[in-house]
Amino acid sequence: MPNLDGGHYFFTAIVPIKNDVVVAHEGLRSSPVHMVREALETLPTALQSPEAVKVGIQSPFARSLRTHFARLVVLDQPFFNGRDHSDAVADALRGTDLLAPQANDVLACPYLLVMIDFDPEGSDPARHYCEELWTLMPRELEAVFRYCYGFPAVRDAKTFADFLLPCQVETTMPFNDYWVGAPALPTLSRWWLIAPPALGVALPLLAALLHRVSWPAGLILALVLGLAGLAVDYGIVMRCGARPLPAAPDATLRHVLKALCLQQAFTRFAVAQQGAAPQARGAAFREFLAAHRPAELDGPTQAPGVISASVISASAVGASVVGS
């Protein structure tokens, strides 16, 4: 699966953290990875739990109206998953010493894993988003990335994107939960798939029947061209399968926030209308539509980064989820 899927961009980057310097900080000597951990620990999360709401400090990612999810994690070393699987009988015949250690992957330095899902814009969505993010939260990004290799060259939004994009890796399995039904995907014609191998087999046999080639040569050609036709079919299927899913309807962050606001408001409306007369209920519903304007994204909506529409304050501006 590609980075862009279902109308969202799934950005993943692995950024190397320095391990060849000692950092002087508040009269103490520390390591760069410890400073990165400290920056992540002090980075506020979104107001999406009662305890976070009590703190009241909003996530800096919440300044972006395109960020669905953001997570930053320090990778010290990869997990050791145990010995490679092998055949017990073959090991016994070869006299394999199962107590002898096998080679395992070791990172040369710690890495900062960056995972962000956002609404894409422009012809280069990842660059556009990275540059926009720098304009919204430069101080916080500097605190997190300043001890990574290559960050000293960052001066502005463009150089920040130049620093982060080379560390990007392909997101091979994005998680997209906005499709509530099966998307309308184009179906490959079975006749187009049958045609390449069928023609590959039929043409040499027809040439043999017309005495254009000998039967042994015709049979060999039929076998070769038939397999070639199957290879063409395989390439067509794999190419179509690699295409991203189409964008889910009304799945941008602004649409999601509007839907959450309407969901909560309509629940309160339905509870309040229990037992009301039909005429009064109809008038109340018209007032509800006029007040909440369901078709207008700029109308009453939920602030990003909050647990409910009622949790709105001066600082509640931004992303829906952020973790560290």
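Everything here concerns the structure above.
Definitions and cut-offs
- Residues numbered from 1 in each chain as written.
- Predicted model: local features only at pLDDT ≥ 70, side-chain atom pairs only at ≥ 80, totals over all residues.
- Heavy atoms only, no water.
- Helix = DSSP H or I, 4+ residues; strand = E, 2+ residues; numbered from the N terminus.
- Rg over C-alpha atoms; globule rule 2.2 N^0.38 Å.
- Buried < 20%, exposed > 50% of the residue type's maximum accessible area, 1.4 Å probe, protein only.
- Areas by Shrake-Rupley, 256 points an atom, 1.4 Å probe, with all protein chains shown as cover.
- Core = buried A, V, L, I, M, F, W, Y, C linked by side-chain atoms within 4.5 Å.
- Contact = heavy atoms within 4.5 Å.
- Salt bridge = Lys/Arg side-chain N within 4 Å of Asp/Glu carboxyl O.
- Pairing = 2+ DSSP bridges.
- Axes fitted to C-alpha atoms, helices over the stretch in contact; angles between N-to-C directions.
- Parallel < 35°, antiparallel > 145°, perpendicular 65-115°, else oblique.
- Nonpolar A, V, L, I, M, F, W, Y, C, P; charged D, E, K, R; others polar.
- Expected span 1.5 Å × (residues − 1).
- Polar contact = N/O pair within 3.5 Å; in protein donor to acceptor, adjacent residues only side chain to side chain.

Q: Any chance you could explain the overall build of the protein here in plain terms?
A: When its secondary structure is counted, the protein shows ten helices and eight strands. For the protein, the C-alpha radius of gyration of 29 Å lies well beyond 20 Å, the compact-globule estimate for 324 residues. Along the three orthogonal principal directions, the C-alpha set of the protein runs to about 85 × 70 × 45 Å. When burial is assessed residue by residue, the protein has 35% of its 324 residues classed as buried. With the model as given, the accessible surface of the protein reaches about 19900 Å², and the carbon-plus-sulfur share is 63%.

Q: Help me understand the nonpolar core, please; the structure alone is not making it clear to me.
A: Nonpolar side chains in soluble globular proteins generally cluster together in the buried interior. Core analysis: the biggest nonpolar cluster contains 40 residues, and Phe 11, Val 15, Leu 112, Phe 145 and Phe 160 have the highest contact counts within it. If you list the elements that add at least two residues to this core, you get strand 2 (8–16), helix 1 (32–42), strand 5 (67–75), strand 6 (111–118), helix 4 (125–136), helix 5 (138–145) and helix 6 (157–164). Not counting residues within four places of it along the chain, the set of residues in contact with Phe 145 comprises Val 15, Leu 112, Val 114, Phe 151, Phe 160, Phe 163 and Leu 164.

Q: Sorry, what's going on with the pattern of salt bridges here?
A: A side chain with one charge may pair with a side chain of the opposite charge, provided their charged atoms come close. Under the criterion given, the structure shown has eleven salt bridges. Among the ionic pairs, Arg 37 bridges to Asp 76, the shortest N-O distance being 2.2 Å. Placement of Arg 37 in helix 1 and of Asp 76 in the loop between strand 5 and helix 3 (88–94) is noted, with a sequence separation of 39 residues between them. Residues Lys 54 and Glu 51 are paired through a salt bridge, measuring 3.4 Å at the closest nitrogen-oxygen approach. Of this pair, Lys 54 and Glu 51 both sit in helix 2 (residues 50–55), three residues apart, which is roughly one turn of that helix. Pair check on accessibility: Lys 54 and Glu 51 agree, each one exposed. Each of Arg 127, Glu 131, Lys 158 and Asp 162 takes part in a single network of salt bridges with overlapping partners.

Q: How should I be thinking about the pairing of strand 2 in this particular structure?
A: Strand residues, when the strand is regular, have side chains that alternate between the two faces of the sheet. For strand 2, the tally of buried residues reaches eight of nine residues, placing the bulk of the element in the interior. Judged from the two bridges that link them, strand 1 (residues 4–5) and strand 2 form a sheet pairing that is antiparallel. In the sheet register, Asp 5 faces strand 2, and the bridge partner there is His 8. Linking strand 1 back to strand 2 in an antiparallel pair, the connection comprises two residues, with Gly 6 at a positive phi of about 65°. One ladder, built from two bridges, connects strand 2 with strand 7 (residues 168–169); its direction is antiparallel.

Q: How should I be thinking about the packing of helix 4 against helix 5 in this particular structure?
A: Here helix 4 crosses helix 5 at 105°, and the two axes come no closer than 5 Å. By the angle between their directions, the pair helix 4 and helix 5 is classed as roughly perpendicular. On helix 5, the residues touching Leu 133, Trp 134, Thr 135 and Leu 136 of helix 4 are Pro 138, Leu 141 and Glu 142. Class assignment of the residues belonging to the contact of helix 4 with helix 5 gives a composition of five nonpolar, one polar and one charged.

Q: Can you walk me through helix 8 (residues 215–241) in this structure?
A: Residue pairs spaced three or four apart in an α-helix point in one direction, given the helix's 3.6 residues per turn. Taking 1.5 Å as the rise per residue, helix 8 with 27 residues should run 39 Å; its terminal C-alpha atoms sit 38 Å apart, in good agreement. Inspection of helix 8 places Gly 218, Ala 222, Gly 226, Gly 229 and Asp 233 among the buried residues, and these make up the whole buried set. Elements that come into contact with the buried residues of helix 8 comprise helix 7 (190–209).

Q: Any chance you could explain the side chain of Arg 66 here in plain terms?
A: Among the secondary structure elements, Arg 66 is positioned in the loop between helix 2 and strand 5. Assessed through its relative accessible area of 5%, Arg 66 is described here as buried. A distance of 3.1 Å separates polar atoms of two side chains, one belonging to Arg 66 and the other to His 128. In this structure the side chain of Arg 66 is engaged in a polar contact, spanning 3.4 Å, whose partner is the side chain of Glu 132. Each residue touching Arg 66, except ones within four places of it in the same chain, is listed here: Asp 117, Phe 118, Asp 119, Pro 120, Glu 121, His 128, Tyr 129, Glu 132 and Leu 253.

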